[in-house]
Amino acid sequence: METSTPLIMEKTPEKNTAAFTHLSTLSQYIIPFGNYIFPLIIWTSYKDKSEFTDHHGKQALNFQLSLLLYTLILALIAIPIFVTVVLQNLPIEAIINDEDFVIRNFNFEGNIGLLSIGATAVLLFGVLKFVEFFLVIYASIKASNGELYKYPLTIPFIK
């Protein structure tokens with residue numbers, strides 16, 4: 001549910017700042033929590049100077065906060081499931097021969113349903129990160145073109 005509305009005659013510095021606000025969320029791959037820190041710094045610095053930059057800063061931060069919430073929910077599903085499955089099969093016997101490492105007494109049969117739910121949560125997390133990357137690029141292109149952009153499935157934490 002993408003909504004983008006063209007703005008008339010946005011100045012180039014405003015468009016660049018808005019685009020950079022979106023792109024700064026990709027710093028998460030280099031700096032922990034960079035996807036919150038850098039957009040927050042840019043947004044707070046420019047929110048009073050430009051309504052256009054204010055809009056894009058809020059969108060970038062709301063999207064990142066929404067992704068954090070979705071990730072926490074997926075983690076709360078996946079982690080307990082995997083821990084439960086491992087703890088239920090604790091009498092694991094590991095045998096180390098010359099170059100072989102064998103694990104015995106680990107039974108997946110009774111836990112396929114739980115493991116499927118946990119694996120689905122992990123898969124959804126991967127899809128979420130993949131989609132995030134492309135949506136950030138798309139939003140930055142829209143901003144650099146002088147258009148308003150609203151991320152899909154975003155909770156408006158900052159209004």
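Quick caveat: nothing in here was measured; it's all calculated off a predicted structure.

(A) Local environment of the environment of Leu153. You can see Leu153 is positioned in the segment after β4 (147-150). Taking C-alpha positions, Leu153 is 8.0 Å from Ser66, a pair spaced 87 residues apart along the chain. In contact with Leu153, other than residues within four places in its own chain, are Ser66 and Tyr70.

(B) Up close: the layout of surface pockets. In this structure, the largest pocket occupies an estimated 160 Å³ of space. In terms of lining, the largest pocket is formed by Phe63, Leu67, Tyr70, Val127, Leu128, Val131, Glu132, Leu135, Pro152 and Leu153. Take the lining of the largest pocket: its biggest share by element is five residues, from helix α4 (residues 112-144). Grouping the amino acids of the lining of the largest pocket by side-chain chemistry returns nine nonpolar, no polar and one charged.

(C) Representation of the packing of aromatic side chains within the structure. Going through the model one piece at a time under the given rule, you end up with six aromatic pairs. Ring plane angle 80 degrees and centroid distance 5.3 Å describe the contact between Tyr149 and Tyr151, whose orientation is recorded as edge-to-face. Each member of the pair, Tyr149 as well as Tyr151, is classed as buried.

(D) Here's a closer look at the UniProt feature "transmembrane region" (unreviewed entry) in the protein chain. Per the UniProt record, "transmembrane region" (unreviewed entry) is annotated on residues 29-46, 67-92 and 112-141. The distance separating the terminal C-alpha atoms of residues 29-46 is 24 Å; by composition the span is 72% helix and 0% strand. The distance separating the terminal C-alpha atoms of residues 112-141 is 43 Å; by composition the span is 100% helix and 0% strand.

(E) Region of interest: the nonpolar core. By size, the foremost hydrophobic cluster in this structure holds eight residues: Leu26, Phe63, Leu67, Leu135, Val136, Ala139, Tyr149 and Tyr151. For this core, the elements supplying multiple residues, two or more each, are α3 (51-88) and α4.

Calculation notes
Residues numbered from 1 in each chain as written. Predicted model: local features only at pLDDT ≥ 70, side-chain atom pairs only at ≥ 80, totals over all residues. Heavy atoms only, no water. Helix = DSSP H or I, 4+ residues; strand = E, 2+ residues; numbered from the N terminus. Contact = heavy atoms within 4.5 Å. 1 Å grid on protein atoms, 1.4 Å probe; cavity = no way out; pocket = protein on both sides within 12 Å on 5 of 7 lines; lining within 4 Å. Points joined across faces, edges and corners; volume = space filled by probe spheres on them. Nonpolar A, V, L, I, M, F, W, Y, C, P; charged D, E, K, R; others polar. Phe/Tyr/Trp six-rings, centres within 6.5 Å; stacked < 30°, edge-to-face > 60°. Buried < 20%, exposed > 50% of the residue type's maximum accessible area, 1.4 Å probe, protein only. UniProt positions renumbered as here; feature names shortened; annotations may be inferred. Core = buried A, V, L, I, M, F, W, Y, C linked by side-chain atoms within 4.5 Å.

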